[in-house]
Amino acid sequence: MDLRALSRQLSAGFLRRRTWFSDVLLALFVTVVQIQSVADYAAVLPEPAARPVSDAGSVGYALLIVSGLAVAARRRWPVAVLTITAVASLIYFDLGLPQRLSCLGLFVAMYTVAAYGDGRRSLLIASAGTTVLAVGWLLAGADITPSVAIGWILLRIGATAICATLGESVRSRRVIAADAQERAELAERSREEEARARVDAERLRIAREVHDTVAHAIAIINVQSGVTAHVLDKRPEQAREALHTIEQTSSRALREMRAILGVLRDGDDREPYPGLDQIHELAGKARDAGLDIVIEETSPVTALPSAVGSAVYRIVQESITNVIRHVGPTRVTVALEPAIDALRIRVTDEGRRDPSHVPARTGASPTTGRGIVGMRERCQLLGGELDAKSRPGGGFEVTARLPLDPVGASR
C-alpha cells in the first residue's frame with residue numbers, strides 16, 4: 001500500500017475518533033449545564049414557568065438529560081438529534097418548568113444541521129424546525145402571566161434562528177475553502193501535467209535530433225568505409241580521402257551531439273543548432289559520399305527563426321540520408337522556395353543509376369522507419385506540412401512547407 005494513502009487513512013481514523021470523543025464531551029457538558037441552570041430555580045426574573053423542575057418529578061430532568069446526551073450523535077444523525085431535542089423542548093416548555101438554559105442542546109442541534117448539511121436541504125430542515133418550534137412555543141405560552149415573560153419565547157425563537165444562520169455561515173465558508181483547495185490542487189495538477197508534457201516534448205525533440213544526426217553520420221561513414229575497403233590496395237590516395245571524410249563526419253556528428261545534449265547541462269557554453277546556412281556544407285559532405293547534389297534557390301532566403309532553420313536543415317539532412325541508405329550514388333536536387341509567409345523545401349532524387357550497386361541499407365524503403373515520421377512531426381510542431389512519395393518516373397520526392405511565423409518556434 002502507498003505510504004501516503006496509509007497515512008491519510010490513519011489520519012482520517014484518528015480524526016473520526018477525536019471528533020466522536022469531542023462530541024461525547026460536548027454532550028456531557030450540555031447535559032450538566034441544562035440541569036444545573038434549572039436545579040436551583042428561583043423566580044428572580046419573569047419567565048414562563050411558575051414552579052420548580054422538581055414539581056414534575058423525574059420527567060423534567062429526564063427531558064433535559066435526553067436532549068443533552070443526544071448531542072453526542074449530532075454529526076452522525078443531525079436530523080434525528082434535532083427532532084429529539086425539539087420534541088423534548090416542546091414537552092418541557094408545555095410542563096411550565098424553568099427555562100433558563102434548558103434549550104442549549106436544541107441550539108447545538110440546530111447549528112449542527114445547518115453547519116454539516118448539504119446546503120439547500122439542510123436550510124429547509126432548519127427553517128421548518130424553527131417554524132414548528134416557534135408555533136409550538138407561542139401556542140403553549142398563549143396564556144402566560146405576567147405578559148413580560150413572552151420575551152423568553154421570543155428569545156428562544158431568535159436564538160434558534162441565529163444558530164441556524166451561524167451554522168449555514170460556517171458551512172458556506174467550509175464549502176468556499178474546499179472549492180479553493182480543489183482549484184489549487186487542480187492548478188497544481190495542471191502545472192505538473194504541463195511540465196510533464198514539456199519534458200516529453202523535449203525528450204522527443206532530443207530523440208529526433210539524435211536520430212537525424214546519428215543516422216546521417218552512420219550512412220556517410222558506411223559508404224566511405226565501403227569505398228576505403230574497395231580501393232585501399234589499388235588507390236591509397238582515394239582511400240585516404242575517404243578516411244578523412246569519415247573523420248570529419250564523425251567529428252561533426254560528435255559536435256552536433258554535444259549541442260543537442262547540451263540542454264541537459266547547466267551553463268551557457270552550448271553550441272548553436274545547425275541551420276539553413278549550413279545546407280551547403282551538408283551538400284558537400286553528401287558529394288563526398290557519392291551523391292551528385294544541387295542546391296537550387298529561386299531567391300535569397302532571408303533570415304529564419306532558429307526553429308525553422310533547424311527544421312529545414314534536419315529535413316534536408318534526413319532526405320539525403322535516405323538517399324544514401326536506400327538508393328546510392330544518384331543525382332539529388334534540393335530546392336528552397338521562399339514565399340511571403342512560408343518556405344517550401346523540395347528534395348528529389350532520380351533513383352538508382354546502377355542496378356548492380358548495393359546501397360548502404362537494403363530490404364527497406366525510404367517510407368519505412370522513423371525518418372519520414374520524424375520529418376513530418378517537425379513540420380507539424382511548427383504548423384507546417386510534409387509529403388513524401390515516390391516519383392512516377394523513378395526516384396523519390398520529399399516536399400515540406402514551413403511557415404515563417406511558426407506556432408512552436410520557441411525552444
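Summary of the structure given here. (Residues numbered from 1 in each chain as written. Predicted model: local features only at pLDDT ≥ 70, side-chain atom pairs only at ≥ 80, totals over all residues. Heavy atoms only, no water.)

### Section: the nonpolar core
Put simply, the rule reads: Only buried residues count toward a nonpolar core, which is a set of Ala, Val, Leu, Ile, Met, Phe, Trp, Tyr and Cys residues joined through side-chain atoms within 4.5 Å. Partly exposed residues are those whose accessible area sits between 20% and 50% of the maximum for their type, while under 20% is buried and over 50% is exposed, using a 1.4 Å probe and protein chains only. Any two residues having at least one pair of non-hydrogen atoms within 4.5 Å are treated as being in contact.
Ranked by size, the top nonpolar core spans 38 residues in total, and within it V312, V316, I345, L386 and L402 carry the most contacts. What V312 contacts, discounting residues up to four positions off in sequence, is L276, I279, L336, L343, I345 and L402.

### A closer look at empty space enclosed by the protein
The condition is simple: Here the term cavity refers to a set of points on a 1 Å grid, laid over the protein atoms alone, in which a 1.4 Å probe fits but cannot get out; the term pocket refers to an open set having protein on both sides within 12 Å along at least five of seven lines, with lining residues being those that place an atom within 4 Å of a point. Grid points are joined across faces, edges and corners, and a volume is the space filled by probe spheres set on the points. Only runs of H or I of at least four residues qualify as helices and only runs of E of at least two qualify as strands under DSSP, and these elements are numbered from the N terminus. Throughout this entry, Asp, Glu, Lys and Arg are counted as charged residues, while Ala, Val, Leu, Ile, Met, Phe, Trp, Tyr, Cys and Pro are counted as nonpolar. The remaining residues, Gly among them, count as polar.
The full count for this structure, using the stated rule, is three cavities of 30 Å³ or more. Here the second largest cavity defines a volume of roughly 90 Å³. Around the second largest cavity, the lining comprises eleven residues; the ones closest to its centre are S319, N322, V323, D349 and F396. When contributions to the lining of the second largest cavity are tallied by element, the ones reaching two or more residues are helix 9 (306-326), strand 3 (342-349) and strand 5 (396-403). Its residues assigned to classes, the lining of the second largest cavity comprises six nonpolar, three polar and two charged.

### Points about the pairing of strand 4 (residues 385-390)
Stated precisely, the cut-off is as follows: DSSP calls a pair of strands paired once it identifies at least 2 bridges connecting them.
Strand direction decides the pairing type here: strand 4 and strand 5, joined by six bridges, are antiparallel. Within the sheet, the bridge partner assigned to D387 lies in strand 5 and is T399. Adjacent in sequence and paired antiparallel, strand 4 and strand 5 are bridged by five residues, among which G394 carries a positive phi angle near 110°.

### What about the pattern of salt bridges?
Stated formally: By convention in these notes, a salt bridge is any Lys or Arg side-chain nitrogen within 4 Å of a carboxyl oxygen on Asp or Glu.
Enumeration according to the criterion identifies nine salt bridges in this entry. In this structure, R74 engages D23 in a salt bridge whose closest nitrogen and oxygen atoms are separated by 3.1 Å. Residue R74 is located in the loop between helix 2 (59-69) and helix 3 (78-94), and its partner D23 is located in helix 1 (residues 3-39); the two are separated by 51 residues in the primary sequence. The exposure classification of R74 matches that of D23, with both residues buried. Between E168 and R171 there is a salt bridge, and its shortest N-O distance comes to 2.9 Å. Remark: R171 and E168 occur in helix 6 (residues 150-231); sequence separation between them is three residues, near one turn of the helix. When salt bridges with common partners are traced through the structure, they connect D23, R74 and R75 into a single cluster.

### A closer look at the sheet that holds strand 4
Convention followed: Axis geometry follows a simple rule: fit a line to the C-alpha atoms, using only the stretch in contact for helices, then measure angles between N-to-C directions, giving values from 0 to 180 degrees.
With mixed pairing, the five strands of this open sheet are ordered in space as 1-2-3-5-4. Taken across any chain shown, the strands that pair with only one partner, and hence form the sheet edges, are strand 1 (292-297) and strand 4. For this sheet, the mean angle separating the axes of adjacent strands, direction not counted, is 10°. Where strand 3 meets strand 5, eight bridges bridge the pair, whose relative direction is antiparallel. Looking at the pairing, R346 lines up with T399 of strand 5. In the packing of helix 10 (residues 371-381) onto the sheet, the strands contacted are strand 4 and strand 5, and the crossing angle to strand 4 comes to about 155°.

### Topic: the packing of aromatic side chains
As a reminder of what qualifies: Two rings belonging to Phe, Tyr or Trp (six-membered ring only in the last case) form a pair when the distance between their centres is within 6.5 Å. Interplanar angles under 30 degrees mark stacking, angles over 60 mark edge-to-face geometry, and anything in between is tilted. As a reminder, the over-ring test applies to NZ of lysine and CZ of arginine, requiring each to be within 6 Å of the ring centre and within 35 degrees of the ring normal.
Taken as a whole and assessed by the stated rule, the structure comprises zero aromatic pairs. The ring of Y116 has R174 sitting right over it, with the charged end atom 4.9 Å from the ring centre.

### Quick notes on the environment of A115
As for its placement among the helices and strands, A115 is situated in helix 4 (residues 104-115). Judged by relative accessible area, A115 falls into the buried class, the value being 0%. It is 7.7 Å that separates the C-alpha atoms of A115 and L166, two residues lying 51 residues apart in sequence. Once residues lying within four places of it in the same chain are set aside, the contact partners of A115 are G167, E168, R171 and R174.

### A closer look at helix 4
This is how it is decided: Here a helix's expected span is defined as the number of its residues, less one, multiplied by 1.5 Å.
For helix 4, which comprises twelve residues, the first-to-last C-alpha distance of 16 Å matches the rise-based estimate of 16 Å (1.5 Å per residue) to within 8%. The element helix 4 is extensively covered by neighbouring structure, given that ten of its twelve residues are classed as buried. Burial in helix 4 covers these residues: G105, L106, F107, V108, A109, M110, T112, V113, A114 and A115.

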